[in-house]
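An overview of the molecular structure
Chain by chain, the residues:
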Amino acid sequence: MSAEAERKTETIPKWKREETDAIVEFLKSYSSIGVVDITGIPSKQLQDMRRELHGTAALRVSRNTLIERALDDVGDGIEDLAEHVEGQVGLIGTNDNPFGLYQQLEASKTPAPINAGEVAPNDIVIPEGDTGVDPGPFVGELQTVGANARIDGGSIKVVEDSTVLSADEEVSADLANVLTELGIEPKEVGLDLRGVFSEGVLFSPEELDIDIEEYVTDLKAASSAARNLSLNAEYPTAQTAPSMLAKAAGEAKSVGLSAAVESPDLADDLVSKADAQVRALAGAIDDDEALPKELRGVETAPATPAADAETADEDEAEDEADEAATDESSDEDEDGAEDDADDGGDALGDMFG
């Protein structure tokens, strides 16, 4: 260590060294560390936020210079958070993932009134409707700030939604008073996440702001598309093998019925097919004397005419195969999938020995 560095170290007050060490310990205690903006949050409300975070995250506020020093001491990439240490900020630590932390902080924000001189976080709109204020000077105040208001039926009403200030514009004293009178709270108070460092990666708020439901829907759609691709390409996987075996079994059954293959699994279907054909043939002969006694007066099988019996059986088998191959809503567990695979393999083996 150089003489100059030693002198700098010696001049650092003890409380600063202890505070830096405490911050370092804080940084090492959590898998995800973020920098949050606490500008304009009253002390009491900040304490309430600490209590709400208890059990899932922890908030630590200190001097920016000491936070930066601690980030440099820990290193391993976390020092990149220093670019967000500006203004009134604090550190937040959690063992949750960064996405969960962002969602938690956004959900904990509460509406609050906006003061004169503050910048509007978004467009401020005075909604259409009865203000509940008796006729008087307030109608003029509304009109002054840009609201389309008038006296109607003994009260002051806003006749249409009125945008009175655009985002990023400064709030005037007149507008602040009108909004307070109407009980409109156009801003949200909470911890604004500026950045999070987790597992060697620095995340920005924009990267963490995702629609969970939409994300899950996209994953399901991707999974379904991958499954269909695997089935259509006849590429077996643990997820598609049961459906492929079921389809193969259905196709094998169709071939077996068409070729009249003798098999215990096809016996009932072959007998039904032959019975339908005999009934159809007997029904086509008008002369009962030409028929054996046991076939006289026999009605055609109600389900399927003889000419269509074979086709119907084949279509049924193909439908079963297609249904098994394209079922996207199956939630079978791994054991169930293995059982289906075994059943399909046994069926093929029974049919063709």
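Look up a bit, the structure's there.
Thresholds, definitions, all that
Residues numbered from 1 in each chain as written. Predicted model: local features only at pLDDT ≥ 70, side-chain atom pairs only at ≥ 80, totals over all residues. Heavy atoms only, no water. Phe/Tyr/Trp six-rings, centres within 6.5 Å; stacked < 30°, edge-to-face > 60°. Helix = DSSP H or I, 4+ residues; strand = E, 2+ residues; numbered from the N terminus. Buried < 20%, exposed > 50% of the residue type's maximum accessible area, 1.4 Å probe, protein only. Core = buried A, V, L, I, M, F, W, Y, C linked by side-chain atoms within 4.5 Å. Contact = heavy atoms within 4.5 Å. 1 Å grid on protein atoms, 1.4 Å probe; cavity = no way out; pocket = protein on both sides within 12 Å on 5 of 7 lines; lining within 4 Å. Points joined across faces, edges and corners; volume = space filled by probe spheres on them. Nonpolar A, V, L, I, M, F, W, Y, C, P; charged D, E, K, R; others polar.

All right, on to the packing of aromatic side chains then. The geometry of an aromatic ring pair is captured by two quantities: the separation of the ring centres and the angle between the planes. Scanning the entire structure with this criterion turns up two aromatic pairs. Their ring planes at 65° and their centres at 5.9 Å tell us that Phe-99 and Phe-203 sit as a pair that is edge-to-face. A residue pair is termed long-range when its members are at least 10 positions apart, and Phe-99 in helix H5 (residues 98-107) and Phe-203 in strand S12 (residues 201-203) qualify at 104 residues. On the basis of relative accessibility, which here comes to 18%, the residue Phe-203 falls in the buried class.

One finds Ile-126 and Leu-142 to be the most contacted residues of the largest nonpolar core, which totals 21 residues. Among the secondary structure elements, those contributing two or more residues to this core are strand S5 (124-126), helix H6 (138-145), strand S8 (155-158), strand S9 (162-165) and helix H7 (173-182). Within the second largest apolar cluster, 19 residues are counted, among which are Ile-41, Leu-46, Ala-57 and Leu-59.

Residue position: Gly-146 is located in the loop between H6 and strand S7 (149-152). Setting aside anything within four residues of it in sequence, one finds Gly-146 in contact with Ser-162 and Val-164.

Moving on: the layout of surface pockets. In this structure, the second largest pocket spans a volume of roughly 470 Å³. For the lining of the second largest pocket, the element with the highest residue contribution is strand S10 (residues 187-189), accounting for three residues. Split into classes, the residues belonging to the lining of the second largest pocket amount to six nonpolar, four polar and six charged.

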